[in-house]
Amino acid sequence: MSLAFFSIALEASTHTPLLSFLLPHPIHPPAISAFPPFLRRDMSEVGSKLFERKQASYKNLDGRFEIHTEKYQGQQYSHIYFTRLHHMRNLLYSLVPKWKPNLPVKTVLGLEEGKECIIVGTIYKHMKLKPSILDEYAKERSKVPLVKPHNFMHPDDHLILEDESGRVALTGSFLDPSAFVTGIVVALHGKETSKGDFLVQDMLEAGIPPQTELPLSSREDKYVVFVSGLSIGSSEFNPLQFQLLIDHITGHLGDENEQSIASQVVRLVVAGNSVQISQGLLSGHTIAPRDQSASVEPIKELDILLNQLAAAMPVDIMPGLDDPANYSLPQQPLNRCLFPGAFAYNTFLSCTNPHQFELDGVLFLGTSGQNIDDLFKYSEAKNRLEFLERTMRWRHLVPTAPNTVGCYPFTDRDPFLVESCPHVYFVGNQEKYETAFMQGPEKQLVRLICIPKFCQTGIAVAAPPVIVFSSACTDWQVWVSTGAGISQLEAIFGFSYGDLLLVFWCLDFL
């Protein structure tokens with residue numbers, strides 16, 4: 001099966017969308033004479049062919065992230081740490097015999113000086129620059145400068161491992177503190193030193209979880225489009241830019257080839273930060289009537305735009321950090337009263353953050369970006385994709401919750417544990433578009449996607465299962481159309497729209 005990947009970049013254009021094409025009820029395109037001369041030669045070959053939007057079986061798997069009957073009754077966060085440790089320890093115990101078959105497994109309290117053993121516990125990272133509410137009242141805070149803006153790493157940071165029996169400081173050069181965060185459960189091979197520390201000689205992570213095989217029964221080409229960081233209501237939001245995206249994926253732009261591609265979009269996922277409301281309006285103080293309208297205008301505008309999309313295709317919307325939803329993870333679905341227009345369609349679905357779903361047997365899992373943004377603050381990596389890889393190897397979406405990421409104090413479960421490996425793992429509201437494959441030891445294959453903020457980049461991302469658009473398109477080739485005459489993109493895809501910029505990345509998936 002051949003799958004591919006592409007992203008769409010849109011810039012503001014003064015041209016009016018030309019093709020009339022709205023699914024699931026297609027309508028005939030206008031007469032060829034209605035089009036500019038430079039498009040008539042292509043349109044004369046199009047005729048009146050109609051396209052039906054393709055369908056995909058959808059299964060929402062957000063049940064474990066939903067909070068229904070649970071009520072906060074003063075419970076502490078220790079419960080979620082105990083649950084995480086218990087689950088991950090049982091998993092690691094099953095892996096230890098193949099990893100270190102001749103070494104005993106002990107607790108922290110059972111360590112003996114100089115004797116090699118295996119211990120399993122939760123990593124705690126002691127950070128000198130970690131923000132604390134108490135520091136706001138300490139005069140000494142101003143004497144400790146930050147090493148980097150929005151990053152709290154310091155050379156004196158060190159790691160500690162703890163279980164129910166106690167905690168022990170980790171020493172040695174095997175573990176680099178900059179690559180770890182608080183909340184990870186690992187197995188360590190080493191021995192206790194005369195100082196009472198644990199000298200680490202080797203480490204075992206849980207690893208990528210098992211993955212179901214991709215279905216091979218259907219080779220039909222389909223797309224799932226992801227967009228995040230619309231930030232409607234901010235100075236960066238360009239309504240014409242997003243309207244171009246809507247027109248493109250609903251089929252109002254393009255010739256027969258483009259309409260055919262648009263008809264293969266089976267779902268759109270909006271991955272958080274859809275609106276931006278001034279913090280002054282959310283302070284809890286009484287606001288003037290004119291400010292009240294300013295606080296709801298971004299949501300009204302979002303509903304109008306989502307209304308257009310839901311009329312043409314299934315749409316999932318996830319809450320983000322800036323959206324009118326609960327702050328703590330897992331964020332619950334945005335209230336239906338916010339979208340009276342979009343919720344009139346049964347194709348519109350308000351989802352949780354994180355969000356997990358299945359399309360035609362392909363498993364998708366993703367967040368609106370809070371988990372990866374927090375890892376960036378308290379650890380280091382060469383890029384954001386490496387953070388995604390680590391969360392898969394640790395089998396935990398948000399390892400820093402509840403330490404530095406707010407989360408609900410669950411007592412009997414940890415919903416962020418990754419028990420089944422997704423085929424597509426996406427994260428929204430990142431600085432730039434990035435993608436890569438991650439392969440596991442049992443032939444697991446995960447497509448990692450960093451979705452950039454649309455208001456800053458104008459990029460939406462379409463994920464597999466899709467197919468390469470043209471036989472001329474090879475791995476990582478790029479075509480750009482700026483509207484100046486007939487470009488290579490126009491020659492391949494048959495259209496050109498002035499300032500509309502389309503960039504496609506094509507990559508074989510399997």
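Residues numbered from 1 in each chain as written. Predicted model: local features only at pLDDT ≥ 70, side-chain atom pairs only at ≥ 80, totals over all residues. Heavy atoms only, no water.

## Focus on the packing of helix α6 (residues 370–378) against helix α7 (residues 384–394)
Which entries qualify depends on this criterion: Comment: axis = line fitted to C-alpha atoms, over the contacting stretch for helices; angle = value between 0 and 180 degrees taken between N-to-C directions. Numbered from the N terminus, helices here are DSSP runs of H or I no shorter than four residues, and strands are runs of E no shorter than two. Angular relationships are summarised with four words: roughly parallel below 35 degrees, roughly antiparallel beyond 145, roughly perpendicular across 65 to 115, and oblique for the angles in between. The contact definition used throughout considers only heavy atoms, calling two residues in contact when any of these lie within 4.5 Å. Gly counts as polar in this scheme, as do all residues outside two lists: the nonpolar Ala, Val, Leu, Ile, Met, Phe, Trp, Tyr, Cys and Pro, and the charged Asp, Glu, Lys and Arg.
Contact geometry for α6 and α7: axes closest at 10 Å, N-to-C directions at 105°. In terms of orientation, α6 lies roughly perpendicular with respect to α7. Each of I372, D373, L375 and F376 in α6 lies in contact with α7, whose residues at this interface are R384, F387, L388, T391 and W394. For the contact of α6 with α7, the class distribution of residues is six nonpolar, one polar and two charged.

## Details of the pattern of salt bridges
The line we're drawing: A pair is scored as a salt bridge if a Lys or Arg side-chain nitrogen falls within 4 Å of a carboxyl oxygen belonging to Asp or Glu.
Here the structure, examined in full by the defined rule, presents 13 salt bridges. As a salt-bridge pair, R390 and E386 come within 3.0 Å of each other at their nearest N and O atoms. Placement of the pair is R390 and E386 together in helix α7, with a separation of four residues, close to one helical turn. One network of salt bridges, with partners in common, ties together K106, E112 and K115.

## Some thoughts on the side chain of H423
Threshold: Categorising residues by exposure relies on relative accessible area from a 1.4 Å probe, with only protein chains included: less than 20% of the type maximum marks a residue as buried, more than 50% marks it as exposed, and the intermediate range marks it as partly exposed. The term polar contact refers here to a pair of N or O atoms within 3.5 Å; inside protein, the definition further demands a hydrogen-donor-capable atom paired with an acceptor-capable atom, and it admits residues adjacent in sequence only when both atoms are side-chain atoms.
Of note, H423 is situated in the loop between α7 and β15 (424–430). Classification of H423 as buried rests on a relative accessible area of 2%. Within the structure, the side chain of H423 is placed 2.7 Å from the backbone oxygen of T212, a separation counted as a polar contact.

## Some words on the pairing of strand β5 (residues 158–162)
Rules: Strand pairing is assigned whenever DSSP detects at least two bridges linking the two strands.
Two strands pair when backbone bridges link them, and strand β4 (residues 117–126) and β5 are joined in this way by five bridges, in the antiparallel orientation. Residue Y124 lies in a different strand from β5, and its bridge partner there is I160. With three bridges connecting them, β5 and strand β6 (residues 167–171) associate as antiparallel partners. For L161, the partnering residue across the bridge sits in β6 and is V168. Hairpin connection from β5 to β6: four residues lie between these consecutive antiparallel strands.

## Concerning the nonpolar core
The criterion, for reference: Throughout this description, the term nonpolar core refers to a set of buried Ala, Val, Leu, Ile, Met, Phe, Trp, Tyr and Cys residues connected via side-chain atoms within 4.5 Å.
Ranked by size, the top nonpolar core spans 52 residues in total, and within it L170, L188, F198 and Y425 carry the most contacts. Considering each element in turn, this core owes the most residues, five residues, to α7. Not counting residues within four places of it along the chain, the set of residues in contact with L170 comprises I123, L159, I160, L161, L175, L188, F198 and V200.

## Description of the packing of aromatic side chains
Remark: the centre distance and the inter-plane angle together describe each pair of aromatic rings, the angle taken between the planes. As a reminder, the rule being used: Between rings of Phe, Tyr and Trp, where Trp is taken as its six-membered ring, a pair exists when centres lie within 6.5 Å; planes separated by under 30 degrees are stacked, by over 60 edge-to-face, and by other angles tilted. Counted as over-ring charges are cases with an Arg CZ or a Lys NZ within 6 Å of the ring centre that also lie within 35 degrees of the ring normal.
Scanning all chains against the criterion turns up nine aromatic pairs. A ring pair is formed by F226 and F364, whose centres lie 6.2 Å apart and whose planes are at 40°; its orientation type is tilted. One end of the pair, F226, is in strand β9 (residues 223–227); the other, F364, is in strand β14 (residues 362–367), and 138 residues separate them in sequence. Assigned by exposure class, F226 and F364 land together as buried. One aromatic cluster is present, formed by Y58, F226, F357, F364 and F426 through successive ring pairs. One cation-aromatic arrangement involves R384 over F376; the distance from NZ or CZ to the ring centre is 4.4 Å. In this arrangement the basic side chain of R447 is found over the ring face of F437, its NZ or CZ atom lying 4.0 Å from the centre.

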